[in-house]
Amino acid sequence: MSIRIAMLGCGTVGAEVVRLLHEQAGDLAARVGGGIELAGIAVRRPNRHPDVPQELLTTDAAGLVASDVDVVVEVIGGIEPARTLLTDALRAGKSVVTANKALLAEHAADLFAAADSAGADLYFEAAVAGAIPLLRPLRESLAGDRITRVMGIVNGTTNYILSAMDSSGAGYAETLDEASRLGYAEADPTADVDGYDAASKAAILASIAFHTRVTAADVYREGITAVTPADVAAARTLGRTIKLLAICERVANGDDGAEAVAVRVHPAMIPRTHPLAGVGGAFNAVFVEADAAGSLMFYGQGAGGSPTASAVLGDLVAVARNKVVGGRGPGESSYAALPVQPISQVDTRYHISLDVADRAGVLSAVAAVFAEHDVSIAAVRQQGRSTDASLVIVTHSAPDAALRSTVDKIAGLPVVHEVVSVMRVEGEEQ
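What you see is a predicted model, and the numbers here were worked out from it, not measured in a lab.

Engineer: Please explain the packing of helix α8 (residues 156-168) against helix α9 (residues 172-181) as it appears in this structure.
Structural biologist: A packed helix pair is summarised by two numbers, namely the angle formed by the two axes and the spacing between the axes. Contact geometry for α8 and α9: axes closest at 9 Å, N-to-C directions at 125°. By the criterion of interaxial angle, the relationship of α8 to α9 is oblique. In the crossing of α8 with α9, the sense of the turn from one axis to the other is right-handed. Residues Y160, I161, A164 and M165 of α8 form the contact with α9, whose participating residues are Y172, T175, L176, E178 and A179.

Here's what the structure looks like:
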């Protein structure tokens, strides 16, 4: 039996998939239990792919999907036309392998419904962390466990920038320029540096980990554009470093023992002793906590042509095996249907840096505002500077709304010249 593959897109990842399909054809066929045939590749501009056999190229993506193929591999990205093409493929009983995080974060429920109606497979390991085997362990290996928290670095561009700022002391703009020169940042880095990419991935992780439908719109999101060298230096002084984290966790929803899901993406200070603190450059890592398994960490290359192609091919082998033996992989698991808790109700910790007047009573005035909002102070550092002084406060855990209200009230105190920065603190006792 030969499995016929249609591929949508042939950019950096797609070209690597084509190369590996050709170079490893014999091994892949042995692993699948049948031959794998690349039936066609849909691209917009065939003349831009001189290294690909021209007879495989077509501009008719819909026609290719509707042809006699068994599996559709999608690496074009974006919502449309990918959504329509993959929905049509799944409804026709054709299995789908996709690396499209934005599509899954918005329309996974529709895609799974189409797959279920026709008994087709939907695999998407490459959508979250490149080469790192992460989604399948969550979907399958930990299916018998209760996952309580997933926290990780899931965007290589921002991790490169923050790592470089930490090691060199350079500013954000300067480091972004360097990331662009080295190919770690896109020409338009907005999706990365403003946290949209990580938010899509967080939605996918939370959906799988907590058996609940979570979309990108449910994810609280902050990017890294406001992180300054002063923030990085302050973190270093406290034995911490700054990372853009995707955090998905089970949380209490009221006093009746009910649960909710909290999903957020934002920069945070973490202790340098935390496993994620040592993840440098453009690498990704995800820390998973489960009741029985305990703490697990997944680490590796989270982007790039070859690493992402590795994950695509892993999924392709899995769905092709299912086609050969007549089986099917896991579908959507959303039975828990937990509510998503807004960020205002999520317990977090703040690191707050203030420029204040250097005179008696400043600390007591600031502390009174914290007490008013029922926010406990964990640590304070004050340093005089002629007529001004700096005041750094680290809080204990409190609802985010209370912390925000505290900062807003402090900003209006006569003794406070400026709220220099506010950053959340993660990865240690609260």
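Engineer: What should I look at first to understand the packing of helix α4 (residues 82-91) against helix α5 (residues 101-118) in this one?
Structural biologist: Where α4 meets α5, the closest approach of the two axes is 8 Å, and the angle between their N-to-C directions is 20°. Looking at the two axes, α4 sits roughly parallel to α5. In this structure, α4 crosses over α5, and the sense of that crossing is right-handed. Between α4 and α5, the contacting residues are A82, R83, L86, T87, L90 and R91 on the first element and L103, H107, D110, L111, A114, A115 and A118 on the second. Classifying every residue of the contact of α4 with α5 gives eight nonpolar, two polar and three charged.

Engineer: What am I meant to see in the nonpolar core here?
Structural biologist: What tends to happen in soluble globular proteins is that the nonpolar side chains get buried as a cluster. One finds L8, V72, F124, L134, I147, I161 and L205 to be the most contacted residues of the largest nonpolar core, which totals 80 residues. Ranked by residue count, the leading element in this core is helix α11 (residues 196-210), at ten residues. Contacts of I161, omitting those with residues within four sequence positions, involve Y172, T175, L176, A179, V193 and I224. By size, the runner-up hydrophobic cluster in this structure holds 33 residues, among which are I41, L57, V71 and Y123.

Scoring rules and cut-offs
- Residues numbered from 1 in each chain as written.
- Predicted model: local features only at pLDDT ≥ 70, side-chain atom pairs only at ≥ 80, totals over all residues.
- Heavy atoms only, no water.
- Axes fitted to C-alpha atoms, helices over the stretch in contact; angles between N-to-C directions.
- Helix = DSSP H or I, 4+ residues; strand = E, 2+ residues; numbered from the N terminus.
- Parallel < 35°, antiparallel > 145°, perpendicular 65-115°, else oblique.
- Left-handed = near helix turned anticlockwise from the far one by under 90°.
- Contact = heavy atoms within 4.5 Å.
- Nonpolar A, V, L, I, M, F, W, Y, C, P; charged D, E, K, R; others polar.
- Core = buried A, V, L, I, M, F, W, Y, C linked by side-chain atoms within 4.5 Å.
- Buried < 20%, exposed > 50% of the residue type's maximum accessible area, 1.4 Å probe, protein only.

Remember that the coordinates give geometry; whether it matters functionally is a separate question.
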